[in-house]
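Coordinate analysis (summary)
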Amino acid sequence: MREQTTDLRETVRQRYAAAAVKVTEGGTACCGPQPVEVDENFGSTLYAADERDTLPAEAVAASLGCGNPTAVAELREGERVLDLGSGGGIDVLLSARRVGPTGKAYGLDMTDEMLALALANAARAGATNVEFLKGTIETVPLPASTIDVVISNCVINLSVDKAAVFAETFRVLRPGGRIGVSDVVADDALTPEQRAERGDYVGCIAGALSFAEYRAGLEAAGFTDVEITPTHPVADGMHSALVRAVKPSVDDAPGDSAAATDACCGVTSCCTSDERTADPSTTVAEAKAASGCGCQN
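Computed from a prediction, not measured in an experiment: that's the story for all the values here. (Residues numbered from 1 in each chain as written. Predicted model: local features only at pLDDT ≥ 70, side-chain atom pairs only at ≥ 80, totals over all residues. Heavy atoms only, no water.)

1. Observations regarding the pairing of strand β1 (residues 80–84)
- Most of β1 sits out of view: four of its five residues are buried.
- Bridge analysis of β1 against strand β2 (residues 104–109) gives five bridges, and the strand direction is parallel. Of the residues in β2, the one forming a bridge with Asp83 is Gly107. (Buried < 20%, exposed > 50% of the residue type's maximum accessible area, 1.4 Å probe, protein only. Helix = DSSP H or I, 4+ residues; strand = E, 2+ residues; numbered from the N terminus. Pairing = 2+ DSSP bridges.)

Right under this line is the structure:
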């Protein structure tokens, strides 16, 4: 099973590496980069023209998603955003514009070629409030409770361990944080074998969860207010969908005195070895001292 998982991940990596190389090589042509070949259900045409026009052509050409998560994430000034599977950086750059100079947009990708392309696109765009990280979406290299919004564009369906993705997403979100994801979702009546018949794994079809499986996975990770809204079909019984969910705030969690202490101190897992500040710019000691609450040793 582990060998199959490794093989699938490598297949996905190779596909996206090849896409990045194609765009990079196309950038040397007189007419600019050629978009990666996808059908009308995927790619940059799912973004409004005025959004595409504000970005480097290479970022637009490398778009392989099935939607526009930044359009539904309701990003606000000063927020910290994480894009899972950021590719050429189109959603990171759009998010950076929306959160402004007081916010920050992170992109996470496992493919060196895509990360290089994304860094070049950020430089072309003059974006200073972005950061690209190398890693997998099953193991996010960020501290707990440091992100306001997690977005993703047709990438979670490619994961070989979606439960780990949901758990990691929940971990890095601050209490009250939210997700706004575009993904491919299958009708509940379709079996995994029937989903596989409709397309290969790296083509975003075979690995898709059903509506019920997606909801159950998010709720098992701790999310509430789960909404999964289909937007357009991508194959028979398969849909591009917008997925929204919320990590409960401290006030919403089943409460006791420890929960009240968390709210007071601005610290998660208060008085345990897993303590983390809600504001990553401060230390645990500073947060507790500022709030005047207990358990300060």
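Read on, since the account is not over.
2. So, the nonpolar core
- Grouped together as the largest cluster of nonpolar side chains are 29 residues, with contacts concentrated most on Leu82, Ile179, Tyr214 and Leu218.
- When contributions to this core are tallied by element, the ones reaching two or more residues are β1, β2, β4 (147–153), α6 (162–172), β5 (173–186), α8 (211–221), β7 (224–235) and β8 (238–246).
- A per-element tally of this core places β5 first, with four residues.
- Those residues in contact with Tyr214 that sit more than four places away from it in its chain are Ile156, Phe166, Val181, Asp183, Val185, Leu209, Ile228 and Val243.
- Of all hydrophobic cores here, the second largest spans nine residues; its members include Leu93, Ala96, Ala118 and Ala122. (Core = buried A, V, L, I, M, F, W, Y, C linked by side-chain atoms within 4.5 Å. Contact = heavy atoms within 4.5 Å.)

3. Overview of the packing of aromatic side chains
- Taken as a whole and judged by the stated rule, the model has two aromatic pairs.
- Ring geometry for Phe166 and Tyr214: centres 5.4 Å apart, planes at 45 degrees, overall tilted. In this pair, Phe166 sits in helix α6 while Tyr214 sits in helix α8, placing the two residues 48 residues apart along the sequence.
- According to the relative accessible area criterion, Tyr214 is buried, its value standing at 1%.
- The interplanar angle of 90 degrees and the centroid separation of 5.2 Å between the aromatic rings of Phe170 and Phe223 together place this pair among those described as edge-to-face. Taken together, the residues Phe170 in helix α6 and Phe223 in the loop between α8 and β7 connect sequence positions 53 residues apart.
- A cation over a ring is seen here: Lys247 above Phe170, with NZ or CZ 4.7 Å from the ring centre. (Phe/Tyr/Trp six-rings, centres within 6.5 Å; stacked < 30°, edge-to-face > 60°. Lys NZ or Arg CZ within 6 Å of the ring centre and 35° of its normal.)

4. A closer look at unusual backbone geometry
- At Ser145, a residue that is not glycine, the phi angle is positive and equals roughly 60 degrees.
- By the element assignment, Ser145 lies in the loop between β3 (130–134) and β4.
- Of note, the phi angle at Asp225 is positive, near 55 degrees, even though the residue is not glycine.
- Within the element layout of this structure, Asp225 appears in strand β7.

5. Topic: the environment of Arg171
- Along the chain, Arg171 turns up in helix α6.
- Distance in space between the C-alpha atoms of Arg171 and Ala221 is 9.1 Å, their sequence separation being 50 residues.
- Once you skip the residues sitting within four places of it in the chain, Arg171 turns out to touch Val140, Leu142, Pro143, Ala144, Ser145 and Lys247.
- In this structure the side chain of Arg171 is engaged in a polar contact, spanning 2.7 Å, whose partner is the side chain of Glu168. (Polar contact = N/O pair within 3.5 Å; in protein donor to acceptor, adjacent residues only side chain to side chain.)

6. Digging into the confidence of the model for the protein
- Put simply, the protein has an average pLDDT of 75, and 59% of its residues get 70 or more.
- This model gives residues 55–65 a pLDDT under 50, and the stretch forms 51 contacts once residues within four places in sequence are excluded.
- Predicted confidence is poor over residues 255–264, with pLDDT under 50, and the contacts of this stretch with residues over four places away or in other chains come to 12 contacts. (pLDDT = per-residue confidence, 0-100.)

7. Description of the environment of Leu142
- Along the chain, Leu142 turns up in the loop between β3 and β4.
- Taking C-alpha positions, Leu142 is 9.5 Å from Glu168, a pair spaced 26 residues apart along the chain.
- Dropping the residues within four chain positions of it, Leu142 is found in contact with Leu82, Tyr106, Leu133, Ile147, Arg171 and Val172.

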